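Spelled out from the first residue to the last, the chains are:
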Amino acid sequence: MFWVLFLLVAWAAAAMSCIRLCLATAAAAPPAAAAPEPARHALNLYETAFLAGGPHRVADLALVSMHLRRRLLLAHTGWATVVDPEGRDEVERTVIRAIGPGGQSRIAPIRAAAAATDAVRGLADRLVAAGLAVPHGTRSGVASAARAVRASAVLVVLLAGAAVLLPGPGPDGSGPVVAWFGLPLVLTLGCLAIARVENQPYSPWASPSGQQWLDSLPAPVSGADRDLLAAVAVQGARAVEDPALRAALTGRRTGWSAHPGHYL
């Protein structure tokens, strides 16, 4: 009956991690009455990009915008080259600084560096203050709780295997032992499934008010470039129809030369 101790450990891990995830999810969803009136805050494209995809989406939007205006050249090989070193706004200036004095760099480190700058953090703080974005601590708390539930599910499987291998139950008793461990496994997997279904349609960066804004955004009608930028802000690189530009943003090459001089 030593396997019962393993079962108690499995139940304790599953219950505590699921309760933690439920509490973190509840804390991430403030009451509707506490949310500000969304119509009082007009979103620009950078703010829309942050709510839809976070700091890296803001960096991607700046890269595409600068490329379309020929201030930056993005190569399908994953390189960016500065054409005009004067950025129009602080986000563009952070992109130029991330490229460095050489005027040329890989796109992936540019994106990472630009996403971590004060300009993007300030944008995030403004959205949080407006009630449109989820605070960093709340967002990281939910992600950490979800990882704990996944770890508990793995632990349950390992403990079930160890319990079956223990001497005592015999061949006829291994089935009931596994069945008992199936209950905490169902609890953890069910908790993860419910959390995924509830959050799947929504951005992890937007609060309920911010998500309401994203859902109600009209289709842009002010020109092809503006349409593309709005689509990148909301949908990311998958909204780019040009395969070369999409390859530059995603890093997925399709047989082209990797030399940085081969530009779009």
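Please refer to the structure placed before this passage.
Starting afresh in each chain, residues are numbered from 1 along the sequence in its written order. Owing to the predicted nature of the model, reporting of local features is limited to residues with pLDDT of at least 70; listing and counting of side-chain atom pairs is limited to 80 or more, with chain, interface and lining totals taken over all residues. Hydrogens are left out, water is left out, and the side-chain values use all remaining heavy atoms of the structure.

Q: Before we move on, could you go through the pattern of salt bridges and cite the residues and values that matter?
A: We count a salt bridge whenever a side-chain nitrogen from Lys or Arg sits within 4 Å of a carboxyl oxygen from Asp or Glu. Scanning all chains against the criterion turns up 7 salt bridges. Note that R88 and E92 form a salt bridge whose closest N and O atoms lie 3.4 Å from each other. On the accessibility criterion, R88 (46% relative accessible area) is partly exposed. Its salt-bridge partner being E90, residue R93 comes within 3.3 Å of it at the nearest N-O pair. Only protein chains enter the accessibility calculation, which uses a 1.4 Å probe; a residue whose area is less than 20% of its type maximum is buried, one above 50% is exposed, and one in between is partly exposed.

Q: Help me get a handle on the packing of helix α3 (residues 55–68) against helix α4 (residues 90–99), residues and values and all.
A: Interaxial distance between α3 and α4 falls to 10 Å at its minimum, and their mutual angle equals 85°. Taken as axis vectors, α3 and α4 run roughly perpendicular relative to one another. Here V58, A62, L63, S65 and M66 of α3 lie close against α4, whose contacting residues are V91, E92, V95 and I96. Of the residues assigned to the contact of α3 with α4, the class counts are 7 nonpolar, 1 polar and 1 charged. Lines fitted to the C-alpha atoms define the axes, with helices restricted to the stretch that makes contact. Angles between their N-to-C directions range from 0 to 180 degrees. Comment: elements are numbered from the N terminus, with helices defined as DSSP H or I runs of at least four residues and strands as E runs of at least two. Note on terminology: angles under 35 degrees are roughly parallel, angles over 145 are roughly antiparallel, angles of 65 to 115 are roughly perpendicular, and the others are oblique. Working rule for contacts: check all heavy atoms of both residues, and any pair within 4.5 Å makes them a contact. Think of it as three bins: nonpolar holds Ala, Val, Leu, Ile, Met, Phe, Trp, Tyr, Cys and Pro, charged holds Asp, Glu, Lys and Arg, and polar takes everything else, Gly as well.

Q: Help me get a handle on the environment of L187, residues and values and all.
A: You can see L187 is positioned in helix α8 (residues 170–199). We classify L187 as partly exposed; its relative accessible area is 33%. Taking the C-alpha atoms as reference points, L187 and W11, separated by 176 residues in sequence, lie 9.2 Å from one another. What L187 contacts, discounting residues up to four positions off in sequence, is W11, A14, A15 and C18.

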